[in-house]
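Remarks on the overall topology
Chain by chain, the residues run as shown.
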Amino acid sequence: MAVVAAMHQAHYMPWLGYFEKLDRCDVFVVMDRVQYERRGYQNRNKIKTVSGPLWLTVPVVNRGRYEQALGDVEIDATVNWPSKHLKAFELNYRKAPHFDTYFPFLEELLLRKQWLLLADLNIEMLKMFMRLLDIRTELRYESDLNVEGVRNERLINLCRAAGADVYLSGAGAKVYVEPEMFEQAGIGLLFQEYESPRYPQLFGDFEPYMGVVDLLMNCGADSIEIIRSGRKDK
C-alpha cells in the first residue's frame, strides 16, 4: 500500500486547504529549515470581522536577518501580541455557535508560556488543530530528516527519508516540480486541487480563505467534513 507524504512550512493558524492536505496524507513533513518569508503566512493569518477580513500577526525579529531559516525566527517579546489576538477572537467570535468550545484551547495555547521561536508556536498550534479536527497524520520534521539536495531532489530525498513512495504537492508547485525526476526516482506524484468550501459565517457575505479558527468557531465538529468537501481532485 502506497505511503503518501506532503510537506509544508509551519504556518500560523493555517487555512482550510492546509488541513485538507494534512488529512489526506500518511506523513506530513514540517519544513522548518526553509527560508522565512516576510509578509507571508508563516507568522500571520486572517479572521473574519464585521468590517471584513482582519490580519492577526505574530511580531518577529527580522531586522538584519532577512535570510534566516524559519526554525530560527524569534518572536518579538516586547509586544503583547497574545492578548491582542485573544481579544480579537473574543470580540469577533463570542456570538459564534462554538465559541465556548474552542476559545479555551486558543487561550491555553497562547498563554501557556512566553513563546520564543515562531516555529515552536506554529507547530504546537498545528498539533492542537489536528487534535480538534481528529486528523491523525504522522508529523515529521525537515530538520530531523537530515537530507541533502535542493528543489526537486530535496523533495524526493525527504519522501524517501520519511518512508513515502508518493508525494502530494500543492497545485501551485506545478511551475517548478519536475514529474520526470519523481518518476525516475520511483516516487509517485499527486497535486492537490482545492477550493475553499462555503460554510456558515458571521457578518454577512461569505469570505473564503480565512484561518481555520473561523471554521471551527462557526461549524464545530462538522469542520473536518467541510474541509474535505473542498477537494476537487476526487
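The preceding data block contains the structure.
Parameters and conventions
- Residues numbered from 1 in each chain as written.
- Predicted model: local features only at pLDDT ≥ 70, side-chain atom pairs only at ≥ 80, totals over all residues.
- Heavy atoms only, no water.
- Helix = DSSP H or I, 4+ residues; strand = E, 2+ residues; numbered from the N terminus.
- Rg over C-alpha atoms; globule rule 2.2 N^0.38 Å.
- Buried < 20%, exposed > 50% of the residue type's maximum accessible area, 1.4 Å probe, protein only.
- Contact = heavy atoms within 4.5 Å.
- Areas by Shrake-Rupley, 256 points an atom, 1.4 Å probe, with all protein chains shown as cover.
- Lys, Arg positive; Asp, Glu negative; His and termini not counted.
- Charge placed at Lys NZ, Arg CZ, Asp CG, Glu CD.
- Pairing = 2+ DSSP bridges.
- Axes fitted to C-alpha atoms, helices over the stretch in contact; angles between N-to-C directions.
- Parallel < 35°, antiparallel > 145°, perpendicular 65-115°, else oblique.
- Left-handed = near helix turned anticlockwise from the far one by under 90°.
- Core = buried A, V, L, I, M, F, W, Y, C linked by side-chain atoms within 4.5 Å.
- 1 Å grid on protein atoms, 1.4 Å probe; cavity = no way out; pocket = protein on both sides within 12 Å on 5 of 7 lines; lining within 4 Å.
- Points joined across faces, edges and corners; volume = space filled by probe spheres on them.
- Nonpolar A, V, L, I, M, F, W, Y, C, P; charged D, E, K, R; others polar.

As for the overall build of the protein chain
Secondary structure summary: the protein chain contains nine helices and nine strands in total. Relative to the 2.2 N^0.38 estimate, which gives 17 Å for 234 residues, the radius of gyration of the protein chain is 18 Å and therefore close to what a compact globule would have. Over its C-alpha atoms, taken along the principal directions, the protein chain stretches across nearly 55 × 45 × 30 Å. Counting all 234 residues of the protein chain, 52% fall into the buried class. A separation of at least 24 residues holds for 65% of the contacts in the protein chain among residues at least 6 apart in sequence. Of the accessible surface of the protein chain, which amounts to about 11700 Å², a share of 47% is contributed by carbon and sulfur atoms. A gap of 5 Å separates the mean positions of the 29 positive and 33 negative side-chain charges of the protein chain.

Examining the pairing of strand β1 (residues 4-8)
Burial within β1 is extensive, with four of its five residues counted as buried. Bridge count between β1 and strand β8 (residues 166-170): three bridges; the pairing is parallel. Opposite A5, over in β8, you have Y167 as the bridge partner. Two strands pair when backbone bridges link them, and β1 and strand β2 (residues 27-30) are joined in this way by four bridges, in the parallel orientation. Residue pairing across strands places H8 opposite V30, the latter belonging to β2.

Looking at the packing of helix α3 (residues 99-111) against helix α4 (residues 118-133)
Interaxial distance between α3 and α4 falls to 11 Å at its minimum, and their mutual angle equals 155°. Accordingly, the angle class assigned to the pair α3 and α4 is roughly antiparallel. Relative to α4, α3 is oriented so that their crossing is right-handed. Where α3 abuts α4, its residues Y102, F105, L106, L109 and L110 lie against L121, E124, M125, M128, F129 and L132.

Some points on the nonpolar core
Among the nonpolar cores identified, the biggest contains 60 residues, and M13, F19, L22, F89, F129 and M217 are the most heavily contacted of them. Residue contributions to this core peak at nine residues, all from α4. With sequence-adjacent residues up to four places away left out, F19 is seen in contact with P14, L126, F129, L133, I135, V212 and I227.

As for the sheet that holds strand β7 (residues 138-141)
If you trace the five strands from one edge of the open sheet to the other, you get β7-β2-β1-β8-β9, paired in parallel fashion. At either margin of the open sheet sits one strand with a lone partner, and together these are β7 and β9 (188-192). Neighbour-to-neighbour, the strand axes of the sheet open up by a mean angle of 30°, direction not taken into account. In this fold helix α1 (residues 16-23) packs onto β1, β2, β7, β8 and β9, with an angle of close to 150° to the strand it touches most, β1.

Things to note about empty space enclosed by the protein
Applying the stated rule across the entire model yields one cavity of 30 Å³ or more. Residue lining of the largest cavity: Y102, L106, M128, F129, L132, V213, L216 and M217, and that is the complete set. Here the residues of the lining of the largest cavity sort into eight nonpolar, no polar and no charged.

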